[in-house]
Amino acid sequence: MSILIRTILTLSAVLFITIATNGIAADTGERMDEAAENRADRLEDKADRVRDANEDAKEAAEEAGERKADKLEDEADKVRDATDY
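So, how was this worked out
Residues numbered from 1 in each chain as written. Predicted model: local features only at pLDDT ≥ 70, side-chain atom pairs only at ≥ 80, totals over all residues. Heavy atoms only, no water. Helix = DSSP H or I, 4+ residues; strand = E, 2+ residues; numbered from the N terminus. Buried < 20%, exposed > 50% of the residue type's maximum accessible area, 1.4 Å probe, protein only. Areas by Shrake-Rupley, 256 points an atom, 1.4 Å probe, with all protein chains shown as cover. Patch = residues over 30% accessible without salt bridge, like charges linked within 9 Å, V, L, I, M, F, W, Y side chains within 5 Å. Salt bridge = Lys/Arg side-chain N within 4 Å of Asp/Glu carboxyl O. Lys, Arg positive; Asp, Glu negative; His and termini not counted. Charge placed at Lys NZ, Arg CZ, Asp CG, Glu CD.

Caption draft 1: Structural context of the overall build of the chain. For the chain, the helix and strand inventory stands at one helix and zero strands. Taking all 85 residues of the chain together, the buried fraction comes to 0%. Per element, the accessible surface of the chain, about 7900 Å² overall, is 58% carbon and sulfur.

Laid out in C-alpha cells, this is it:
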C-alpha cells in the first residue's frame with residue numbers, strides 16, 4: 001500500500017510541476033508576444049515618421065526649385081526689358 005501511495009504522490013507532484021510549468025510558459029509567451037507587438041507598432045510609427053519627413057523634404061526641395069526658377073525667369077524678363085530700350 002505504501003508503494004501505491006508513493007507512486008500516486010510522485011505522479012501527482014510530476015503532474016503539478018508540469019501544469020505549473022506550462023502555465024508559466026504560456027504567460028511568458030503572451031508577454032513576449034505583447035512585447036513583440038509593441039515593438040512592431042513602434043517600428044511602424046517610426047516608418048510613418050520617416051515617410052512624412054521624406055515627403056516634407058521633397059516638398060521643400062520642390063518649393064526651393066520653384067523659387068529659383070521664378071527668380072531666373074524674373075532675371076530673364078529684366079534682361080529682355082533692358083534690351084527693349
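After that view, the rundown keeps rolling.
Caption draft 2: The arrangement of a positive patch on the surface in detail. The grouping of Arg 39, Arg 42, Lys 46 and Arg 49 at the surface amounts to a positive patch. Assignment of secondary structure puts Arg 42 in helix α1 (residues 2–84).

Caption draft 3: The arrangement of the pattern of salt bridges in detail. Summed over the entire model, instances satisfying the criterion amount to two salt bridges. Between Arg 51 and Asp 48 there is a salt bridge; the shortest N-O distance is 3.6 Å. Residue Arg 51 and its partner Asp 48 are both found in helix α1; the two are separated by three residues, about one turn of the helix. Among the residues examined, Arg 51 registers a relative accessible area of 55% and is labelled exposed. A relative accessible area of 40% means that Asp 48 is categorised as partly exposed.

Caption draft 4: Main features of a negative patch on the surface. A contiguous patch of negative charge, built from Asp 52, Glu 55, Asp 56, Glu 59, Glu 62, Glu 63, Glu 66, Asp 70, Glu 73, Asp 74 and Glu 75, is present on the exposed surface. Its location among the elements puts Glu 59 in helix α1.

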